[in-house]
Amino acid sequence: LTQGFWRTQAWGQPPLQAPAGAELWVWFQPTVTNVDKAWKELSNVLSGIFCASLNFIDSTNTVTPTASFKPLGLANGTDHHLLRYAVLPREVVCTENLTPWKKLLPCGSKAGLAVLLKAERLFHSSYHSQAVHIRPVCRDASCLAVSWELRQTLTVVFDTFSSGQGKKDWSLFKMFSRTLTDTCPLASQSKVYVDISPKNKEKELLEVTPTPASVHEAIVQGDKRTYAVYDLLSPSLFNTSRSLNVQLKWKRPQDSSELPTPVLHAQRYVSGYGLQTGEISTLIYNTHPYRAFPVILLETVPWYLRLYVHTLTIITKGKENKPSYIHYQPAQDRRRPHLLEMLIQLPANSVTKITIQFERALLKWTEYPPDPNHGFYVSSSVLSALVPSISAMKNMDVEQSPLFTSLFPSSDGSSYFVRLYTEPLLVNLPTPDFSMPYNVICLTCTVVAVCYGSFYNLLTRTFHVEEPSRGGLAKRLANVIRKFRGVPPL
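Just so you know, these numbers come straight off a predicted model, no measurement behind them.

### Description of the overall build of the protein chain
If you tally the helices and strands in the protein chain, you get nine helices and 24 strands. Expressed as a percentage of its 490 residues, the buried residues of the protein chain come to 39%.

Encoded structure:
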């Protein structure tokens, strides 16, 4: 194993758009002779560690991308034959995944920031996602020794505006039902960042309590942000109170405002009518006012959706947009999925629409899930791009913000790397009437039971003729006496 990544996610609302999935991509060492065998063993091991359904990963949902994923850290291998990528679009993260995930933390869930990870509150949120990243890094400045870096990330989205009766105020206790009471003694750094970036001159309307000891400015995804920093390792933090409950209040009521639109975002949907043909459409938005940039699109489609590649169209501003690079690997029934990779140039302030038609296949009756009428999930598309920044990052910002530069890597001061996932698709397939086999089975079993039972009784039953018993000595004496008296015998 050179490096790996595992992620599960789930949306809470709305239920009709409830995409959930487990993603796994791994680079293997060049010395691995049988990559597929190692991939199968690794997926089973991770399935046991994280109590996930990764053991269902097989050749039918595994692909080998050529351009979408590149090794990070010290891994310098670029042979794409050593890369494997798979998605289980129906996997849902739950408590049984969170418990082993927390056990990998240095202090578990006993101290530090992990105290806030209460399952009842996390899974009641609108969105939650947990991930594990593994990569090799240098242990010292000269890079004579190499260590393995294990990074765990947890993303949670709370809808505090709807739950707070139309108010934007929030606190750690309202979101997690807990407060920070202690630090992890094994942690070398433990901080809480609260985004207090001014928007439309609203900085004076924000009130953060307790008062932060420091304020940090960083360039996050091309935008300049301001954060209030709470250092949990600071001795003075817990001197005044035994717990830390960060609260953000607005000095006057605020209306719900729309979130800022990111430079790169995408939508994906399926269209068409009937249960024979359909069309998959992907909309990619570039909202940058004057900068164009390329994006790599990765599409993995199950084999039971037979793509018509000649119907692939890419339209931008009413004109055809030819991809600079395209790689397509057709699917094989019950063996491997479709793989489509394209390098597309996105003009400034534009919307690019990618469409491709498909035909639905008819599965065997044993291949349908227990809820076939619910539909079949198609995994998300993956967008990888270097997005131009609105605010340039300086070398001094990189040195002062190691956390943000590691979470949001930047190639230089003018762009930053983004990997974006669209929503999964829910596609209906031709489904037989499973109630008819049930009726046939019940009727057949009833007829067989009645007919077979009757014939079996007739063939196996034995009949015995019993002669009437003549009675005992007392009865015989009584009949002799009755005969002499002229009375009928007993």
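### Points about the environment of C107
The residue C107 is located in the loop between helix 2 (95–103) and helix 3 (119–122) in this model. Note on C107: relative accessible area 17%, which makes it buried. C107 sits 76 residues away from T183 along the chain, and the two C-alpha atoms are 9.2 Å apart. In this structure, C107 is in contact with C184, P185 and L186, ignoring residues within four places of it in sequence.

### Concerning the environment of L307
Note on placement: L307 falls in strand 16 (residues 305–316). We classify L307 as buried; its relative accessible area is 12%. For the pair L307 and T277, spaced 30 residues apart in sequence, the C-alpha to C-alpha distance is 9.7 Å. Excluding residues within four positions of it along the chain, L307 makes contact with V301, Y328, H338, I356, Q357 and F358.

### Observations concerning the pattern of salt bridges
Scanning the model with the defined rule gives eight salt bridges in all. A salt bridge links R151 to E149, with the nearest nitrogen and oxygen atoms 3.6 Å apart. Close ionic contact of D333 with R306 constitutes a salt bridge, the shortest N to O distance being 3.2 Å. Here D333, found in the loop between strand 18 (325–329) and strand 19 (338–346), pairs with R306, found in strand 16; they are 27 residues apart in sequence, far enough to count as distant. Note on D333: relative accessible area 39%, which makes it partly exposed. Members of the salt-bridge network, linked through shared partners, are R135, E149 and R151.

### As for a nonpolar patch on the surface
Taken together, the side chains of V448, Y452 and Y456 make up a nonpolar region of the molecular surface, amounting to roughly 350 Å² of accessible area. For Y452, a relative accessible area of 56% puts it in the exposed group.

### Examining helix 1 (residues 35–50)
For helix 1, spanning 16 residues, the distance from its first C-alpha to its last is 22 Å, which sits close to the expected 22 Å at 1.5 Å a residue. Within helix 1 the residues assigned to the buried category are V35, A38, W39, L42, S43, L46, S47 and F50. Phi turns positive one or two residues past the end of helix 1, at C51, with a value near 55°.

### Thoughts on the state of the cysteines
All chains considered together, the criterion is met by two disulfides. The side chain of C107 participates in a disulfide bridge whose partner is C184; the two sulfur atoms lie 1.8 Å from each other. On the S-S bond that ties C107 to C184, the torsion sits near 75°, and the link is right-handed. Of this pair, C107 sits in the loop between helix 2 and helix 3 while C184 is found in the loop between helix 5 (172–176) and strand 8 (191–195), placing the two residues 77 residues apart along the sequence. Across the pair, exposure class does not vary: C107 and C184 are buried alike.

### Description of the nonpolar core
If you look at the biggest cluster of nonpolar residues, it comprises 52 residues, and the most contacted ones within it are Y85, V194, Y230 and L244. Of the residues forming this core, the biggest block, six residues, is contributed by helix 1. In this structure V194 touches W170, T226, Y227, A228, Y230, V246 and L248, once residues within four positions along its chain are discounted. By size, the runner-up hydrophobic cluster in this structure holds 35 residues, among which are V295, M342, L363 and A385.

What counts and how
- Residues numbered from 1 in each chain as written.
- Predicted model: local features only at pLDDT ≥ 70, side-chain atom pairs only at ≥ 80, totals over all residues.
- Heavy atoms only, no water.
- Helix = DSSP H or I, 4+ residues; strand = E, 2+ residues; numbered from the N terminus.
- Buried < 20%, exposed > 50% of the residue type's maximum accessible area, 1.4 Å probe, protein only.
- Contact = heavy atoms within 4.5 Å.
- Salt bridge = Lys/Arg side-chain N within 4 Å of Asp/Glu carboxyl O.
- Patch = residues over 30% accessible without salt bridge, like charges linked within 9 Å, V, L, I, M, F, W, Y side chains within 5 Å.
- Areas by Shrake-Rupley, 256 points an atom, 1.4 Å probe, with all protein chains shown as cover.
- Expected span 1.5 Å × (residues − 1).
- Disulfide = S-S within 2.5 Å.
- Core = buried A, V, L, I, M, F, W, Y, C linked by side-chain atoms within 4.5 Å.

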